[in-house]
Amino acid sequence: MNKWPDGFLQSIDGLPGFDEDSFRKAHEVVPPVSVRLHPLRGAGLFPDVPVIPWEPQGRYLPQRPVFALDPLWHAGAYYVQEASSMLAGWAFDALFPQKAGLRVLDLCAAPGGKSTHLAALLPPDSLLVSNEVIRTRAGILTENATRWGYANHWVSSNDPTAFARLPQFFDCLVIDAPCSGSGLFRKDPDAMTEWSPEAVQLCAQRQQRILHDAWPALKPGGIVIYATCSYSFEEDEAVVDSFCTETGAEPVLLTPETSWGAVPVQTTGGVLGFRCYPDQVRGEGFFLAAFRKPVTPTEPARKGKKSSSAHDATLWNKASHLLSGSDWVCIPDGKNARALPAFLEADWQQLKHVVYLRRAGIEVGMPGAKEWIPDHALAAAVDLNPSVPAVALSLEAAHRYLRCEDPGIDPPQQGWLLATYEGRPLGWMKAVKGRINNYLPRHLRLRLRG
Ligand code: SAM
């Protein structure tokens, strides 16, 4: 345990629910390890461990395994996520009991904890855009979204100002803002050395700016879910309070179960939310509040431009057997082809002119001289046709596969094969004349030795 930063404990003294003695003691305890299961791939994993009370797919693990050595993690069967932050998914679920046809923007999304959670909660007729402004972090976010496999989960990499060019487009903005990070002091004591009252002020200004930048993209009546992993009043209640005063945003009610330990808060301006402290919640520090954009009769309805379809039927004839369902459009995109759920084509046409889309739909691959060459994203897609030939790998063979080596198996047939582990997809390989070519992208390879 590092030394508390100067002025930190004093700065949060007196905040709702804060108890210095038990807060200090909680920081001497090892933080809980938790994962969230993929709703379609996680069934049966981690049996006999406690379920996180606010997330049916959440699990507390007795200790921290080396996740990188678990092929199921590579297969997107679960996501390693801190438990308190799963309350963002709970809040979304509570605020949108009817989720049909929603458009959701997760504006500060890397590495993808909240985003993969939202993707799991949204029905296929909705759209989730996960944005990350920092390019390297956007790469990790794209990997995680790809591993999670939903065709309606797209990734962009833009400054929040770009979204003002999509007026009234989204039903929900999730803003898990960059913050001073005090809520993670227990998990990452080194973060203590970076905390200062000045950093809190700078974060608060940036948080205000991000909210204002994204606000035009929210529909009237739409909801912002604002969260931080900071305990500082300046970054939490004060930010939402002044934002709501300036914009006329209205509070919405969120009532986490008392037994979960989250402390309900209400700002002077009436915004409702909650705080999590590690001595009261089985998780790390977290703040969340939600508010609604008022409906004003003068605001014009959003009109999308009609463009002609980019669907390439000839290309699709060669690839359509690879995906389940029939309602896809296939769009050539440089060296790859993209399959989009047909109902999302108009959104794609609109978004691609405004933001840099790193992922939209499923990259399905490209036609080769003799056969279709599948892309890795197709292997991970939840819509992959279950009849594609697959080979179940043992743990040792899966490790070899994940290290981009020859998995050392006797292939049941020639040609493209989906490598699987315990029924979950790892990626493509191709059996050619007694040899196996490994098509796992090299940047995803496992570097650790078990
Ligand atoms: N939502 C993520 C999750 O659940 O995995 C965690 C997001 S983290 C708290 C905040 C993110 O905001 C970081 O990925 C950071 O790179 C990004 N960020 C930093 N500066 C930003 C800015 N000016 N505007 C928008 N996002 C920013």
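This structure is a prediction, so every number in the text was calculated from the model and none was measured.

Asks: Give a detailed account of the sheet that holds strand β3 (residues 78–80), specifying residues and quantitative values.
Replies: Strand order across the open sheet formed by 3 strands is β2-β1-β3, with antiparallel pairing between neighbours. Strand pairing shows two members of the sheet lacking a second neighbour, β2 (58–61) and β3, which therefore form its edges. Neighbouring strand axes in the sheet, compared pairwise and without regard to direction, differ in orientation by 30° on average.

Asks: Before we move on, could you go through the state of the cysteines and cite the residues and values that matter?
Replies: The tally for this structure, following the rule as stated, stands at 0 disulfides. No disulfide involves C229; its sulfur sits 3.5 Å from that of C179, the nearest cysteine.

Asks: Account for the packing of helix α4 (residues 87–95) against helix α5 (residues 113–121), with residues named and values stated.
Replies: Across the interface, α4 lies against α5 with an axial gap of 9 Å and an inter-helix angle of 35°. Considering the relative orientation of α4 and α5, their crossing is right-handed. Along the contact surface, α4 presents A88, G89, W90, F92 and D93, while α5 presents K114, H117, L118 and L121. Of the residues that constitute the contact of α4 with α5, the class distribution is 5 nonpolar, 2 polar and 2 charged.

Asks: An account of the packing of aromatic side chains is requested, with residue identities and associated values reported.
Replies: Here the structure, examined in full by the defined rule, presents 25 aromatic pairs. When the centroid spacing of 6.5 Å and the interplanar angle of 40° are considered together, the rings of F8 and F23 count as tilted. Taken as a pair, F8 in helix α1 (residues 8–12) and F23 in helix α2 (residues 20–26) lie far apart in primary sequence, 15 residues in all. You can call F23 buried: its relative accessible area is 0%. Measuring from centroid to centroid gives 6.4 Å for Y79 and W148, while their planes differ by 85°, and the two rings are edge-to-face. In this pair, Y79 sits in strand β3 while W148 sits in helix α6 (residues 135–148), placing the two residues 69 residues apart along the sequence. Neither residue differs from the other here; Y79 and W148 are each classed as buried. Pairwise contacts between aromatic rings join W4, F8, F18, F23, F185, W195, Y231 and Y277 into one cluster.

Asks: Before we move on, can you summarise the pattern of salt bridges with the specific residues and values?
Replies: Between side chains of opposite charge, pairing is possible as soon as their charged atoms come close. What the rule picks out here adds up to 11 salt bridges. Put simply, K99 and D93 hold a salt bridge, and the shortest N to O gap is 2.5 Å. Look at K99 and you get buried, because its relative accessible area is 12%. Several salt bridges share partner residues, and in doing so they unite D236, E237 and R275 into one network.

Asks: Residues and numbers for the pairing of strand β12 (residues 286–292), please.
Replies: Buried residues dominate β12, accounting for 6 of its 7 residues. With 6 bridges connecting them, strand β8 (residues 218–228) and β12 associate as antiparallel partners. Within β12, the residue paired with A227 across the bridge is L288. Across 2 bridges, strand β9 (residues 250–251) lies against β12 in antiparallel orientation. Bridge pairing in β12 links E250 to R292. Bridge analysis of strand β11 (residues 272–276) against β12 gives 4 bridges, and the strand direction is antiparallel. Residue pairing in the sheet places F274 in a bridge with L288 of β12.

Asks: Before we move on, could you go through the site of the ligand and cite the residues and values that matter?
Replies: Around the ligand, the surrounding shell holds 17 residues, and the nearest of these are G113, K114, E132, R137 and D176. Side-chain polar atom of R137 to an oxygen atom of the ligand: 2.8 Å apart, as the coordinates give it. Contact with the protein chains covers 85% of the free accessible surface of the ligand, which is 600 Å². When contributions to the shell around the ligand are tallied by element, the ones reaching two or more residues are α5 and α7 (197–214). A class-by-class count of the residues in the shell around the ligand yields 10 nonpolar, 2 polar and 5 charged.

What counts, and at which threshold
- Numbering of residues starts from 1 in each chain and follows the order in which that chain's sequence is written.
- For a predicted model such as this one, the threshold for reporting local features is a pLDDT of at least 70, and the threshold for listing and counting side-chain atom pairs is 80 or more; totals across whole chains, interfaces and linings nevertheless cover every residue.
- The side-chain numbers reported here are obtained from all heavy atoms of the structure, hydrogens and water having been left aside.
- For two strands to be treated as a pair, DSSP must find no fewer than two bridges joining them.
- A run of DSSP states H or I qualifies as a helix once it reaches four residues; a run of E qualifies as a strand once it reaches two. Both are numbered from the N-terminal end.
- Lines fitted to C-alpha atoms define the axes here, with helix axes fitted over just the stretch in contact, and angles between the N-to-C directions of these axes take values from 0 to 180 degrees.
- Sulfur atoms of two cysteines make up a disulfide when they are within 2.5 Å.
- Crossing handedness: left-handed means the near helix sits turned counterclockwise from the far one by under a right angle, and right-handed means the same turn made clockwise.
- Residue contacts are counted whenever heavy atoms from the two residues lie within 4.5 Å of one another.
- Under the scheme applied, nonpolar residues are Ala, Val, Leu, Ile, Met, Phe, Trp, Tyr, Cys and Pro; charged residues are Asp, Glu, Lys and Arg; polar residues are all the others, including Gly.
- Only the six-membered ring of Trp is used, alongside the rings of Phe and Tyr, when aromatic pairs are assigned; centres must lie within 6.5 Å, and planes under 30 degrees apart are stacked while those over 60 apart are edge-to-face, with the rest tilted.
- Three labels apply to residues, based on accessible area from a 1.4 Å probe with only protein chains included: buried if under 20% of the type maximum, exposed if over 50%, partly exposed otherwise in between.
- Salt bridge, as applied in this entry: a Lys or Arg side-chain nitrogen positioned within 4 Å of an Asp or Glu carboxyl oxygen.
- We define proximity as follows: a residue is near a molecule or strand when any one of its heavy atoms falls within 4 Å of that partner.
- A 3.5 Å cut-off defines polar contacts: any pair of N or O atoms within that distance qualifies, except that in protein one atom must be a possible hydrogen donor and the other a possible acceptor, and neighbouring residues in sequence count only when both atoms are side-chain atoms.
- Residue-level accessible areas treat just the shown protein chains as cover; the underlying method is Shrake-Rupley with a 1.4 Å probe.

Interpretation note: all reported values are geometric properties and have no functional meaning in isolation.
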